[in-house]
Amino acid sequence: MTASATRRAALRGALAAALALSPPAGVAAPPLVVGLTLPETGLHAQAAEDARRGLVLWAEEASAAGGRRVELRILDDGSDARAAGALYGRLARDHGAEALLGPYGLAATLAAAASAEREGRPLLATAFPSARRARGERHVFWLQPPPQAWAEAILAAVSAAGAERLYLLARDDPASAAIAQALRDAARGAGLAIAEAEPLRPGSGDFSASIARARAFAAQAWIALAGLHEAARMVEGFFRAGWAPALFFAQESDQAAFRAQVGRDAEGALAAVLWHERARTPGNAGFVERYARRWGAKPSAQAALAYSAGLAIGAAAARAQAPGAAALREALAAIEVETPLGTLRAGADGRWVVPGPLLVQVQGGRVEVLRPETAASAAAVLPYAPASLGKATP
């Protein structure tokens, strides 16, 4: 299907959803109330503001399309995960929320999920999926891919580079630890050799010992589940050691701040991301354009995630036989909808099958999407060859 045909299909789907949301002539449909908490203050306030903007954009577009008007109920959780459970109970009971959008962060999401189950309200969780998901969980729908999908994206890069020996460094936060374990399992299942460092502490700066161990192990791929500042220190360590791996994967190496810190040595660095503005997913280019026009800034992954959650809620409301949380929950367990993240669809058990992460690479000073092929903007450039070394050194 051509790009123009894909855009037309996405537009037809959006118009069909809008028409399905429209009530019979002369009948006023109740508003579709969506409730959530966001930290308007505290550590996560900026990321939360991006999510709010993405959701507001969807609500404005959905309301303008006709049918049920969307009303948002947003409470400030002050970046306090302990407050989430009580606040989501209030959103369901006191604010009449028919659907809930999860808060920022895993701990708060788990508390909100428990509340959603008690209140019988569908909750779309935007946090990294937890291994602590409750058995029998019926009302919670996770938008982010599981750890195994992130490991699969990383190993796709390893395979493309022909690497067989991996050196792994990972933080000990829940998301990094889960991806690291999935990567260990998948790598060993594929017959790859893997060695690893001690868990990284935030702000780690001296990687000389890890580089020495990686060289002794004859590592071909360096996999770092770490922050951008740690990734920058790793690149500096490669320069001091006069060595670089044939494949350099560092989470957050897609960030502009990473490229600013290491300059041309960022070229060829790989990362896995939930969303990117250059991804050729249905409707993504239009979303980026409309978001920038509405807010005067480019969207972030949090904005795309919230907007996609809104599209899913809207599609489910169009499918539901009647207003109300119960009908909406059943519709969410059976939908398929195109979003800037890719296609969200319900599996046979009602749990969502969500798009895997994008594999991206720094090329020519900007980030290109490599995988999946349907969303790709460029082909991989390998091996990693930092400019300060001239070429990777064994």
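Quick look at the structure, then. Since this is a predicted model, take the numbers as computed values, not measurements.

1. Considering the sheet that holds strand S12 (residues 342–346)
Working step 1: Across the sheet, which stays open at both edges, the three strands sit in the order S11-S12-S13 with antiparallel pairing between neighbours. If you trace the sheet from one side to the other, it starts and ends with strand S11 (336–339) and strand S13 (352–353), each paired once.
Working step 2: Here four bridges tie S11 to S12, and the two strands are oriented antiparallel to one another. Looking at S12, one finds that Glu338 is bridged to Thr343.
Working step 3: Sheet strands touched by helix H11 (residues 301–319): S11, S12 and S13. Its angle to S11, the strand with the most contacts, is close to 150°.

2. Here's the deal with helix H4 (residues 106–119)
Side chains that are three or four residues apart share a direction in an α-helix, a result of its 3.6 residues per turn.
Working step 1: The terminal C-alpha atoms of H4 lie 20 Å apart, and with 14 residues this matches the ideal 20 Å at 1.5 Å per residue to within 8%.
Working step 2: Listing the buried residues of H4 in full gives Ala108, Thr109, Leu110, Ala112, Ala113, Ser115 and Ala116.
Working step 3: The elements touched by buried residues of H4 are helix H3 (84–93), strand S3 (99–101), strand S4 (123–125) and strand S5 (140–142).
Working step 4: A positive backbone phi angle near 70° is found at Gly120, which sits one or two residues after H4.

3. Description of the environment of Phe287
Working step 1: Of note, Phe287 is situated in helix H10 (residues 284–295).
Working step 2: Among all residues touching Phe287, those that are not within four sequence positions of it are Leu57, Trp275, Pro299, Ala303, Ala304, Tyr307 and Pro340.

4. Some points on the nonpolar core
Working step 1: Counting residues in each nonpolar core, the largest one holds 90 residues, and the members touching the most others are Trp58, Leu124, Ile223, Phe249 and Trp352.
Working step 2: Here the element with the most residues in this core is H11; it accounts for 11 residues.
Working step 3: Discounting chain neighbours no more than four positions away, the residues touching Phe249 are Ile154, Trp222, Ile223, Ala224, Leu225, Leu270, Ala271, Ala272 and Leu359.
Working step 4: In this structure, Tyr167, Phe217, Met234 and Ala250 belong to the second largest nonpolar core, which totals 29 residues.

5. Some remarks on the packing of H11 against helix H12 (residues 325–332)
Working step 1: Packing of H11 against H12 brings their axes to within 8 Å, and their N-to-C directions diverge by 110°. Put simply, H11 runs roughly perpendicular to H12. Mapping the contact onto sequence places Ala312, Ile313, Ala316, Ala317 and Arg319 in H11 and Leu328, Ala331 and Leu332 in H12.
Working step 2: Considering only residue class, the contact of H11 with H12 consists of seven nonpolar, no polar and one charged.

Conventions used here
- Residues numbered from 1 in each chain as written.
- Predicted model: local features only at pLDDT ≥ 70, side-chain atom pairs only at ≥ 80, totals over all residues.
- Heavy atoms only, no water.
- Pairing = 2+ DSSP bridges.
- Helix = DSSP H or I, 4+ residues; strand = E, 2+ residues; numbered from the N terminus.
- Contact = heavy atoms within 4.5 Å.
- Axes fitted to C-alpha atoms, helices over the stretch in contact; angles between N-to-C directions.
- Expected span 1.5 Å × (residues − 1).
- Buried < 20%, exposed > 50% of the residue type's maximum accessible area, 1.4 Å probe, protein only.
- Core = buried A, V, L, I, M, F, W, Y, C linked by side-chain atoms within 4.5 Å.
- Parallel < 35°, antiparallel > 145°, perpendicular 65-115°, else oblique.
- Nonpolar A, V, L, I, M, F, W, Y, C, P; charged D, E, K, R; others polar.

All we've got here are geometric facts, nothing functional implied.
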